[in-house]
Amino acid sequence: MAAAESDREVPSALCTEFLNFSVKDTASKWLQVTDLYKEVYHHLARYVPKIYCLGPNLNPQSEDLLAQMLLQAPLEWYLCGEDPSTGLAKLEQNNQPSQLCGHVFKVGEPTYSCRECAADPTCVLCMQCFLGSVHKEHRYRMTTSGGGGFCDCGDTEAWKKGPYCQKHEPNISDSCQEDPLAHLSTDMIARCYNVFSVVLKYAVDMLTWDKEDELPLGLEPPDRSDTYYCMLFNDEVHTYEQVIYTLQKAVNCTQKEAVSFATTVDRDGRKSVRFGDFAFCELAKSVIVRNTSRQSKPLRVQVMHSSVVAHQCFALKALHWLGHVIGYSDALRRILCQVGLERGPEGENSSLVDTLMLCDSKMWKGARNVYHQLFMSSLLMDLKYKKLFAIQFAKNYRRLQTDFMEDDHERVVSVTSLSVQLFTVPTMARMLITEENLMTTIIRTFVDHLRHRDLQGRFQFERYTAQQAFKFRRVQSLIGDLKYVLISRPTEWSDQLREKFLEGLDTFLELLKCMQGMDPVVRQVGQHIEMEPEWEAAFTLQMKLTHIISMIQEWCATDERVLIEAYKKCLTALTHCHSGFADGEQPITLSMCGHSVDTIRYCVSQEKVSIHLPVSRLLAGLHVLLSKMEVAYRFPEQLPLSELSPPMLIEHPLRCLVLCAQVHAGMWRRNGFSLVNQIYYYHNVKCRVEMFDKDLIMLQAGASMMDPNHFLMIVLSRFELYHIFSSADCRKRYNRENANKDVVQQNNTLTEEMLHLIMMVVGERFEAGIGQVEGCDEIKREILHQLCIRPMAHSELVKALPENENKETGMERVIDCVASFKKPGVTGRGLYELRPECAKQFNLYFHHYSRADQSKAEEAQRKLKRQNGEDTGRASQRETLASISVVIGRGTQEHLGTLPPPVLPPFCPLFASLVNILQCDVLLGMLGAVLQWAVEPSAGHWSESMLQRVLHLIGMALLEEHQQLENSSEDNDVYFNFTLKMSRPGEAPSNTASVLALLENLQNAPHLEVHEDMIRWLLKTVAGIKTMRERSASTSTVTASGSRGQEETACDKDKAERKRKAEMARLRREKVMAQMSEMQRHFINENKELFQQSLEELDASTSTSLEHSPASPDAALACVGPRRSRPREKRQVVTCILCQEEQEIRADGKAMVLAAFVQRSTVMSKNRTRPPHDPKRYDPLFMHPDLSFGTHTGSCGHIMHSHCWQRYFEAVQAKEQRRQQRLRVHTSYDVGNGEFLCPLCECLSNTVIPLLPRTMGSSSCDQPGLGQWLKISGQQIKAMHSAHRKLQPVSTVEERVEEECPAPEVFTVDYIPTNPYSSTIKEMLTTFGTATYKVGLKVHPNEQDPRIPIMCWSSCAYTIQSIERLLVDEKKPLFGSLPCRQDDCLSSLARFGSACWTAACQPTVQGHFIRLLAALIPDPQVEASPCILDVDMLHLLVSVVLSYGSVHSQDSSGLSVDAVQLHLFHLITVAHMVQILLTSGPEEVTMEQESGEVERGEEEGACRLYNTLRTHVGSSLPEVGSGWHLWRCVKTGILPYLRGAALFFHHLHGVPAPPELHALCPGQWEVLCGYLSLPSNLLQLFHGQQELLEPLLHGWCTHPGIQQTLQGGGVLVSFPRESNSLIDLPDDYSALINQASSFTCPKSGGDKSRAPTLCLVCGSMLCSQSYCCQTELEGEDVGACTAHTFACGAGVGIFLRVRESQVLFLAGKTKGCFYAPPYLDDYGETDQGLRRGNPLHLCHERYRKIQKLWRQHSITEEIGHAQEANQTLVGIDWQHL
Ligand SMILES: [Zn+2]
Ligand SMILES: [Zn+2]
Ligand SMILES: [Zn+2]
Ligand SMILES: [Zn+2]
Ligand SMILES: [Zn+2]
Ligand SMILES: [Zn+2]
Ligand SMILES: [Zn+2]
């Protein structure tokens, strides 16, 4: 940028010209002239090219400054007629702020819509308005804006109630609508008018200018230079990569510049990529065009003269300026609207606004955005002009849409997208329909753009090219506009509205006619279909139109006259479609059971059939409305009912339903998947309302107008089953016709399907208008049947229910009547469960069940019944079985297995005759036939489900009769008499048995056992009805007591069930425990499943394992020092998970290893700003107390032989090599990096830790005191120093004249101890050491590096600290609550640490020990010892204790290791106390507590020590008078260290912990100190040895680092260090969205970030998944998240992708997974991707769970498991996020 800036030098001559410029003079001159237009153009022609576009860089800031000075200022002056600073202020005073909020949404900004009050879903509020509105208490939906669009606050038409927020609430006083211009003087109005005209005209001229080298008249520059730009334009064809690649070639720029060019082109729509003379630019253009024309249309490039570009730049600026100026006053806004819409000289549609709109598709993206914004802030904010603008928009609609079809930009940047702002205003939409005939225009335009027709004029989408598909997608936006227009239904109709709506309906019917019968299919026989036919386009169209069709019906439902006319029109259209209905198809006569009917010969299986019948279906919908609105009864004379031909009405829908049946029967297998898909969508919830459902209604409508016998015969004939049921001896057909099994099978399925269809025709009465139901009964029934399958989450239910055009299912209104809500736990989601009392409405043959749903529901309901029956059986036995109500209420135990049909609501009169189907002769004939077949056991001749359906039908008929009897006052009213019909035997000659007789016959048939209950129930019902008919008086009082009893027992039952479950759980737990105690600690092999099942339970209970329980509770236990307890010697035997052999852990035995995962960690970091260390030179010997980077080791606890593991790992490696050669697949683990999955639990691991036996301390003889030991160790160190010097080459060491230090006799410096370990253990020691070193330092493995042991000790200390924190956070006791895998891991880490010196060079380790000790005991030979404030004491303790082994091995004096360890421990503890006191900070004002005798001593000691420190350190340490405060600081500050030390020594020596530490009881401090061989008054450590420690103390305090740190020169960590938490998240998710929407990409200057992502560890917001923020990391391009993890989380990251509402885990560059976010909606569900938009709130438990994963270092493990479970996660380029 800087370099480019210097290219551009403003000529000095110009500067003087600029300096002499006077704004006032220019404006005054303009005020004089008559032709302002000419004058201003002249001014612009002169100045614009001098200000803009003088170099390769467009838009530097100085341009804007100059433009403001030279161009805008005179305009403003002219406008005001005075200094604009005063003029504009005056205007502002009189401004009437608009009641509309009009806030334009940024990309990603949250928007809110009220699901209760919004007129339609496009009505939205900005966050500010929402929070101040009534809707925040309503059921609302939250989405993120895609940019564009504005807040509808204040628009009274957008909201059913609460249109204003608090801020936009209008004042009552100024609510009278006065003309805003009233406040302005006429002069002012005229000036304003003039200046707006000129400026807007100029802007329009320039933005619509299409010549590259010329300017409009009057704007030619006075002097022309030869400077050009090569301008690159945006399109939607080329990818980012293509553009970047091409630019690098064409203009020879760097990758970075090319990325920046491409980003700008994408954002602004164009960008100059080269500046220079014409030829120079032309060259670049030709290269770009050549390079991009290969596969597609080339990129658009223009070589434009610099003055043209300059004027275009200023034109945009001018539009901005207009937008800015009208912000001062509503009057100015109105004048601008007038100017814009004023008709130009060319007459109609020639205003400036029209011109802009009509050139929209030719403008670049940036220009469009600017003028769209201006439209929004002017035309759309002024209600009067909004209307006028809408009219112009409607007039131009066709042309705009046609341009848009050819436009290669997305719809959001097209002016056509403004339709949503105009058409969704109900009054406006109504006005545009009546005055501009908008409905017809939209539909016409739509139809005209779909040109592909077959010979009959129907749409034909076969062989669609990509280009056409693209266009087809664009055309669909027109349907969206139509939806906007129709979305609010009129409350009042004018004649004109009726006329125009019906005209629109005519056009719409034309469209539907083109769809009626499209994509017909013909059954393929013989061979399989060759090419799958295109079907998606037709279904897309159908799906898009679904809501339109529904809305048109709803419009019709609001006006009787419209409904009648619409019905007529639709019928005419259908008749027209079927004009050739009977042509060429021979009429035939069908007869059966004494009835006969004429129909045509037609076979679905042989002729063309189509699934698309929108005209029939619309008619079906309107027919229902006739009934619902009672038009059919009130104005029958106006309806063409006599013209209806029921057989014609049902013909096509019936064919479609038969097609489905045949597909189920497998007859269309050769037609491929396209047909299967079509059938699927036909029934799918997205389509079925206007497809399957309406076909069924049409059948109902047709059948209601026909003789039921005729109807059934036609159905039989279309199902191609007529011949089976019509033959005289059909009841015996299978005796002879069993030749072709396939045909029999097919016919069975078809019969089942047909019976199901009959049930649906008679039984589906839940739509208002068909049955006598309420509006919400339908949706209740849908929900009920979904929940009969299983309990479901809210979102599952929503998916299963049809949504209306407002994306509402209506579920919320009724859900509580049918279901109860069960809250989710920490995982899973909330579920709705069916209310038990609703189960009796269950219908097994519910029409929206798929076959799979049906069988699931059947199983679930039967199970439920059996469970309930067990309890209710006894109760109901008391009921008298004679009572018919009980039989029908189905409470008796005998009918447990039955799922009889539910009681149905009665039909509406128009459909009432449908019930007669149930008692017609043909149906009885069919029922009888099936029952007769069932007498003999099936051999494929009939099917169980066929019989089941027949029984169900009989049940329906009986219930119908029962209902009618019950509802009638006298039984002779009831003409429906199925019981009579069913007991009549067949007539001569066949004389077949009656249905009743057959049933009685079948009830005891052994092969029908499953149906026995149902048949009994039927017979009982028959008996009941007969009694009812016999009794003259009404016997049908329903006894409520029966059902009451059931409910009560159901409740008891529930309780019993819970109790039973609890008991089972207890038993299972006990079993697990019993098995536990039997087994060794590592029992997993034998009980893998059990282990996985109850890991959680087991984790908590391992404390009982033997080794941990105290050996003798009386003896005080100590884990360190000469008095430390010696646990009983016990053989430690483990089992290898790979070879299952047992093995004892012995130093000289075969090595056993533990799978382990080592990772870098910043979880405990107190300083995230520390830059990562340079791995090559970093000295890790001392850990800083800020713990900024650590190395954590974890293990799944699974043990293997080292050789078994090696063999396993080699196999994994080999397999991986083979796999990589074959195809480039990633795995969840990186073998090259030593990673593998634990062979047993698949836990990610990257090394193994060897298991070592416990170290045995020697029995203690007389041990030296502190003073003596200090002397001994001083001598030893001196001896080692001189010995080490001898080892080094003389030249490198400074010659020191120092006396040879004679080593103490018992200390042999050159003694090489024998290595106690077997070769395999030695090998494993190296393996683990190297791995820890490699991972911890991020270096290549190097077995010789002296830092290896340091890294191992450090990892041991870090892991202990991390576990200690975790126990505190989880409020668990220090001992006994760790899962055994962590116990094992810590033991092996500690023991490994004490042994690892044997694998390293001994002097090196001794050197480490010397340097470590020198930090405490000054050693002149060690340089640069750190100051004690820069040392983490637990790390020091662990390292120094573990490294001492290398020194002790040379000592033969009988000095015990234990004694040394205790001295070291005491010394470090004192140092830590000093550290704490130095950092304790000033006294807090707290209530001092009364102290007892003991405390007083402690406090006094603390005071004394503190004062000693002050004498050394001086004034840097504040004066503290309160010993209470100091002692409290010491006690709380040191506790984590003591606990860590206890864990360390416990695992190192295996001394059992005292029982008090296994619980969280008081008095822990004393016990802990005792266990650690410390006095409970820690200060005694110091005061007891004051003479010895005083010099050390002095040394520590006088270290220069102390003063420096205390005075703020470093990181001062105070103790105790608090556990780190993930950042606090807001309760309401939209706060996060809002935060993210104002976040801009930090690299591309104020751009919105596409994927703003929040680091949950540190709270940084990042611009993820985007080119702009990619950085290079270790030679690879990585996204912002990956880059951040390396700084913030040492490679591990936890993020929240805000727009997606998704948690992202990252590890390294290649691993990652998505994780459920901690935000839930009110239904207990997450909303990943923010698709549903329910308000989301923070779930604290879930967030804590994520935090726990992080604190436990389990993120990488979690990713591994997720990737193993879902392989697609492996392929994602995580590093680019
Ligand atoms: Zn708003
Ligand atoms: Zn508002
Ligand atoms: Zn509301
Ligand atoms: Zn083994
Ligand atoms: Zn494992
Ligand atoms: Zn971070
Ligand atoms: Zn960015």
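A brief look at the structure comes next.

### Points about the overall build of the protein chain
Looking only at helices and strands, the protein chain has 64 helices and 25 strands in total. Carbon and sulfur atoms make up 51% of the accessible area of the protein chain, which totals about 76,500 Å².

### Remarks on the pattern of salt bridges
On inspection of all chains with the given rule, the structure shows 62 salt bridges. Between Glu782 and Arg688 there is a salt bridge, with its nearest N and O atoms 3.4 Å apart. Placement of Glu782 in helix α34 (residues 777–789) and of Arg688 in the loop between α28 (672–683) and α29 (692–704) is noted, with a sequence separation of 94 residues between them. One exposure class covers both Glu782 and Arg688, and it is buried. Because the salt bridges share partners, they merge into one network encompassing Arg115, Arg139, Arg141, Glu808 and Glu812.

### What about the coordination of the zinc ion (ligand 1)?
Tetrahedral coordination by four donors sets the ideal angle at the metal to 109.5 degrees; octahedral coordination by six donors sets it to 90 or 180 degrees. Coordination of the zinc ion (ligand 1) by the protein comes from Cys101 (SG), Cys126 (SG), Cys129 (SG) and Cys151 (SG), over a distance range of 2.2 to 2.4 Å. Around the zinc ion (ligand 1) sit four donor atoms, and with donor-metal-donor angles ranging over 97 to 124 degrees the site reads as tetrahedral. For the zinc ion (ligand 1), the donor residues sit on a single chain with the sequence spacing C-x24-C-x2-C-x21-C. Distance-wise, the zinc ion (ligand 2) is placed 4.2 Å from the zinc ion (ligand 1), both being coordinated by Cys129.

### Regarding the nonpolar core
The biggest cluster of nonpolar side chains holds 303 residues, and the ones touching the most others in it are Phe196, Phe389, Leu541 and Ile954. If one sorts the elements of this core by residue count, helix α12 (residues 306–326) sits on top with 13 residues. Look past the residues within four positions of Phe196 in its chain and what remains in contact with it is Leu79, Lys201, Leu322, Val325, Ile326, Leu332, Ile335, Leu336 and Val339.

### Observations concerning the packing of aromatic side chains
Tallied over the full model, the rule gives 43 aromatic pairs. Between Tyr202 and Phe314, the ring centres sit 5.8 Å apart and the planes meet at 50 degrees, which makes this aromatic pair tilted. Of this pair, Tyr202 sits in helix α8 (residues 186–207) while Phe314 sits in helix α12, and the two are 112 residues apart along the sequence. Overall, Tyr202 belongs to the buried group, its relative accessible area being 1%. Looking at Phe314, the relative accessible area reads 2%, which means it is buried. A centroid spacing of 6.5 Å and a plane angle of 50 degrees characterise the contact between Phe842 and Tyr849, whose relative ring orientation is tilted.

Reading guide: rules and limits
Sequence order as written defines the numbering, with residues in each chain counted from 1. In the order they appear in the text, chains get letters beginning with A and ligands get numbers beginning with 1. The predicted origin of the model limits local features to residues at a pLDDT of at least 70 and limits the giving and counting of side-chain atom pairs to 80 or more, whereas totals for whole chains, interfaces and linings rest on all residues. Working from all heavy atoms in the structure, the side-chain values ignore hydrogens and water. Elements are defined by DSSP. Helices are runs of H or I of four residues or more, strands are runs of E of two residues or more, and each kind is numbered from the N terminus. Only the protein chains shown count as cover for residues, and all accessible areas are computed by the Shrake-Rupley method using a 1.4 Å probe. By definition here, a salt bridge exists when the distance from a side-chain nitrogen of Lys or Arg to a carboxyl oxygen of Asp or Glu is within 4 Å. Relative accessible area decides the class of each residue, using a 1.4 Å probe on protein chains only: under 20% of the type maximum gives buried, over 50% gives exposed, and in between gives partly exposed. For Na, K and Ca the donor cut-off is 3.2 Å, and for all other metals it is 2.8 Å, counting N, O and S atoms only; because water is absent from this set, sites may look incomplete. In short, tetrahedral needs four donors with all angles between 85 and 135 degrees, square planar needs four and octahedral six donors with opposite donors over 155 degrees apart and all other angles between 65 and 115, and whatever is left is irregular. The term nonpolar core refers to a set of buried residues drawn from Ala, Val, Leu, Ile, Met, Phe, Trp, Tyr and Cys, joined through side-chain atoms within 4.5 Å. Throughout, a contact is declared for two residues whenever any of their heavy atoms are within 4.5 Å. For Phe, Tyr and Trp, where Trp contributes only its six-membered ring, two rings pair if their centres lie within 6.5 Å, and the inter-plane angle classes them as stacked under 30 degrees, edge-to-face over 60, or tilted in between.

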